[in-house]
Amino acid sequence: MTKIENEIQYEWAVNRVEQLLPLVNDETPETDSNYIELVLLSNLVADYSDEHFSLGEPSLVDIIKLRMYEMGLNQTALAKLIGVSPSRISEYLSGKKQPTLLQGKKLSQKLNIDPAIVLGV
């Protein structure tokens with residue numbers, strides 16, 4: 001299979017990915033058949049999802065919240081990480097304020113966010 005053509009194939013591939021996930025971990029060699037199948041199917045599922053279920057570009061706030069979740073950070077921890085007050089983080093996350101250029105640079109570096117997203121370009 002080089003491309004998922006329809007929703008039936010998509011559902012099958014999603015179910016197969018869910019079956020493979022418990023069988024593969026960080027120690028699984030890249031030559032393992034389950035690893036290879038998981039990577040290939042995951043890419044096909046992602047391509048189909050991007051084409052048929054795209055929600056548009058996420059906002060900077062969405063990306064910051066996602067990175068916070070992924071890194072296990074709360075607002076206080078993020079504030080310490082980039083050197084601002086927790087209330088400033090709250091203002092960023094609520095959309096009341098935009099990060100300064102310096103804070104945007106720190107957000108980009110510490111949270112591994114593309115600088116273009118932080119700058120809104």
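Residues numbered from 1 in each chain as written. Predicted model: local features only at pLDDT ≥ 70, side-chain atom pairs only at ≥ 80, totals over all residues. Heavy atoms only, no water.

### A word on the environment of Pro-86
Phase 1: Inspection of the secondary structure assignment puts Pro-86 in helix 5 (residues 86-94).
Phase 2: Along the chain, Pro-86 and Gln-75 lie eleven residues apart, while their C-alpha atoms are 5.8 Å from each other.
Phase 3: Here Pro-86 is in contact with Gln-75, Thr-76 and Ala-79, once residues within four sequence places are set aside. (Helix = DSSP H or I, 4+ residues; strand = E, 2+ residues; numbered from the N terminus. Contact = heavy atoms within 4.5 Å.)

### Thoughts on the packing of helix 4 (residues 75-82) against helix 5
A pair of packed helices is captured by two measures, namely the crossing angle of their axes and the spacing between those axes.
Phase 1: The contact between helix 4 and helix 5 brings their axes to 8 Å, and the two run at 105°. Classified by the interaxial angle, the pair formed by helix 4 and helix 5 is roughly perpendicular. Across from Gln-75, Thr-76, Leu-78, Ala-79 and Ile-82 in helix 4, the residues of helix 5 making contact are Pro-86, Ile-89, Ser-90, Tyr-92 and Leu-93.
Phase 2: Classifying every residue of the contact of helix 4 with helix 5 by side-chain character gives seven nonpolar, three polar and no charged. (Axes fitted to C-alpha atoms, helices over the stretch in contact; angles between N-to-C directions. Parallel < 35°, antiparallel > 145°, perpendicular 65-115°, else oblique. Nonpolar A, V, L, I, M, F, W, Y, C, P; charged D, E, K, R; others polar.)

### A few points about the packing of helix 3 (residues 60-71) against helix 6 (residues 101-111)
Phase 1: Packing of helix 3 against helix 6 leaves a shortest axis separation of 11 Å and a crossing angle of 40°. Between helix 3 and helix 6, the angle is such that the two are oblique. For the pair helix 3 and helix 6, the crossing hand works out as left-handed. Packed against helix 3, whose contacting residues are Ile-64, Arg-67 and Met-71, the element helix 6 presents Leu-107, Lys-110 and Leu-111 at the interface.
Phase 2: Of the residues assigned to the contact of helix 3 with helix 6, the class counts are four nonpolar, no polar and two charged. (Left-handed = near helix turned anticlockwise from the far one by under 90°.)

### Remarks on the packing of aromatic side chains
Phase 1: In the structure shown here, the tally under the stated rule is three aromatic pairs.
Phase 2: An aromatic cluster is present here, built from Tyr-10, Tyr-48 and Phe-53 joined pairwise through their rings. (Phe/Tyr/Trp six-rings, centres within 6.5 Å; stacked < 30°, edge-to-face > 60°.)

### Overview of helix 3
Phase 1: In this model, helix 3 (twelve residues) spans 16 Å end to end at C-alpha, consistent with the 16 Å of a helix rising 1.5 Å per residue.
Phase 2: Within the sequence span of helix 3, burial applies to Leu-60, Val-61, Ile-63, Ile-64 and Met-68. All buried residues of helix 3 fall inside an arc of 165° around its axis, so they share one side.
Phase 3: Along its buried surface, helix 3 packs onto helix 4, helix 5, helix 6 and helix 7 (115-119).
Phase 4: Gly-72 sits one or two positions beyond helix 3 and adopts a positive phi of about 70°. (Expected span 1.5 Å × (residues − 1). Buried < 20%, exposed > 50% of the residue type's maximum accessible area, 1.4 Å probe, protein only. Arc of directions from axis to C-beta.)

### Here's the deal with the confidence of the model for the protein
Close inspection of predicted coordinates is inappropriate in any region flagged by low pLDDT.
Phase 1: With 99% of its residues at a pLDDT of at least 70, the protein reaches an overall mean of 91.
Phase 2: The least confident element of the protein is helix 7, whose mean pLDDT is 85; the most confident is helix 1 (residues 7-20), at 95. (pLDDT = per-residue confidence, 0-100.)

### Quick word on the environment of Thr-100
Phase 1: Following the sequence through the fold, Thr-100 ends up in the loop between helix 5 and helix 6.
Phase 2: Spatially, the C-alpha atoms of Thr-100 and Glu-57 are 22 Å apart, while their sequence positions differ by 43 residues.
Phase 3: Polar side-chain contacts of Thr-100 include one of 3.1 Å to the backbone nitrogen of Gln-103. (Polar contact = N/O pair within 3.5 Å; in protein donor to acceptor, adjacent residues only side chain to side chain.)

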